[in-house]
Amino acid sequence: MGKLIYAANISLDGYLEDETGSFDWSVPDHEVHAFWNEHERHIGTSLYGRRMYETMRVWENDDWLTDEPAVVREYAGIWRDADKVVYSTTLEAVSTARTRIERQFEPEAVRQLKEASSSDLSIGGATIGAEAFRHGLVDECVLLLCPVLVGGGKPALPRRLRLDLELLDHRRFDNGVIYVRHAVRSAT
């Protein structure tokens, strides 16, 4: 059985994007990119909302990767090797391999996907992530806290939900980013 892992780069004040929709403050350096590569290597299926999928699908195309560092090119291959499920009522078709669209987020279907999986699953995107948290589907939370305050924007974690967490791991990167990994113990 696979674990469902919510993973994100977030500002120190808890946002995925600032008020303008920008997340350029979270672009990883070499060391952080290598961390994400290792993390994603263990993911068999990624669950995305439409906007997160549209952001991530850039990894399908090699054209822009030619002059990128090896760690960035490596991530593209890791991303392509994973299956992807996009939850969207508006997306008409996908433009990446190993990808399917689901029109609704069905908690029971995600539970079955976890049970049938021999590897871990990730979930990305604030809205779809919040749904997974609210339905008790998230097993672990992996956050990279970026040393920046953005003052507002899209919250990384669901509002009006109390969860007890257990710290499993942590690390400080040379650029000031802090990695924390928590198990979700229970909703209260």
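Since the structure is predicted, the reported quantities are computational estimates derived from the model, not experimental observations. (Residues numbered from 1 in each chain as written. Predicted model: local features only at pLDDT ≥ 70, side-chain atom pairs only at ≥ 80, totals over all residues. Heavy atoms only, no water.)

Chemist: How do you make sense of the layout of surface pockets when you look at a structure like this?
Modeler: Over the atoms a probe the size of a water molecule is rolled, and this reveals where empty space is left. Of the volumes computed, that of the largest pocket is approximately 1,000 Å³. Around the largest pocket, the lining is made up of 34 residues, and of these N9, F23, M52, T55 and M56 lie nearest the centre. For the lining of the largest pocket, the elements supplying multiple residues, two or more each, are β1 (4–11), β2 (15–17), α1 (30–40), β3 (43–49), α2 (50–56), α3 (70–81), β6 (120–124) and α5 (126–134). Considering each element in turn, the lining of the largest pocket owes the most residues, five residues, to α2. (1 Å grid on protein atoms, 1.4 Å probe; cavity = no way out; pocket = protein on both sides within 12 Å on 5 of 7 lines; lining within 4 Å. Points joined across faces, edges and corners; volume = space filled by probe spheres on them. Helix = DSSP H or I, 4+ residues; strand = E, 2+ residues; numbered from the N terminus.)

Chemist: Is there a simple way to explain empty space enclosed by the protein in this structure?
Modeler: In the structure shown here, the tally under the stated rule is one cavity of 30 Å³ or more. In this structure, the largest cavity spans a volume of roughly 40 Å³. Together, E40, I43, S46, Y48, I78, W79, A82 and K84 line the largest cavity. Only β3 and α3 provide two or more residues apiece to the lining of the largest cavity. Among the elements that take part in the lining of the largest cavity, β3 stands out by supplying three residues, more than any other. Along the lines of polarity and charge, the residues of the lining of the largest cavity split into five nonpolar, one polar and two charged. (Nonpolar A, V, L, I, M, F, W, Y, C, P; charged D, E, K, R; others polar.)

Chemist: Where do I start with the UniProt feature "domain: Bacterial bifunctional deaminase-reductase C-terminal" (unreviewed entry) in the chain in this structure?
Modeler: Look at the UniProt record and you will see "domain: Bacterial bifunctional deaminase-reductase C-terminal" (unreviewed entry) annotated at residues 3–178. Summarising residues 3–178: 28% helix, 30% strand, and an end-to-end C-alpha distance of 22 Å. (UniProt positions renumbered as here; feature names shortened; annotations may be inferred.)

Chemist: Quick question: what am I supposed to make of the nonpolar core here?
Modeler: Here is a general trend for soluble globular proteins: nonpolar side chains tend to be buried in one another's company. L4, Y6, F105 and I123 are the most contacted members of the largest nonpolar core, which has 22 residues in total. Counting residues per element, the ones that place at least two in this core are β1, β4 (83–87), β6, α5 and β7 (140–146). Every residue in contact with I123, bar those within four places of it in the chain, is listed here: L4, I5, Y6, A7, L47, F105, I128, G129 and A132. With 13 residues, the next largest nonpolar core counts I5, W25, L144 and Y179 among its residues. (Core = buried A, V, L, I, M, F, W, Y, C linked by side-chain atoms within 4.5 Å. Buried < 20%, exposed > 50% of the residue type's maximum accessible area, 1.4 Å probe, protein only. Contact = heavy atoms within 4.5 Å.)

Chemist: Mind showing me how you'd approach unusual backbone geometry here?
Modeler: One can expect most non-glycine residues to show negative phi and most peptide bonds to be in trans. Although it is not a glycine, R98 adopts a positive phi angle of roughly 60°. Inspection of the secondary structure puts R98 in the loop between β4 and β5 (99–102). Of note in this structure, R160 is not a glycine but carries a positive phi near 55°. Mapped onto the elements of the fold, R160 is located in the loop between β8 (154–155) and β9 (163–172). According to the relative accessible area criterion, R160 is exposed, its value standing at 83%.

Chemist: Before we go on, may I ask you to explain the packing of aromatic side chains in this structure?
Modeler: The geometry of an aromatic ring pair is captured by the separation of the ring centres together with the interplanar angle, meaning the angle of the planes. This model, assessed by the stated rule, comprises seven aromatic pairs. Between Y87 and F105 the ring centres are 5.2 Å apart and the planes differ by 65°, which places this aromatic pair in the edge-to-face class. With Y87 in strand β4 and F105 in the loop between β5 and α4 (107–116), this pair connects stretches of sequence that are 18 residues apart. Its relative accessible area of 11% is what places Y87 among the buried residues. Residue F105 is classed as buried on the basis of its relative accessible area, which comes to 15%. Aromatic rings pair up to connect F35, W36, F173 and Y179 into one cluster. (Phe/Tyr/Trp six-rings, centres within 6.5 Å; stacked < 30°, edge-to-face > 60°.)

Chemist: Explain the pairing of β6 to me, please; I cannot follow it from the model alone.
Modeler: Within a regular strand, side chains alternate between the sheet's two faces. Across the five residues that make up β6, a large majority, five, are buried. Of the two faces of β6, both are covered, the one formed by D120, S122 and G124 as well as the one formed by L121 and I123. Pairing of β1 with β6, which is carried by three bridges, proceeds in the parallel orientation. Directly across from L4, in β6, lies its bridge partner L121. Alignment of β3 against β6, held across five bridges, turns out to be parallel. The partner of Y48 across the bridge, within β6, is G124. (Pairing = 2+ DSSP bridges.)

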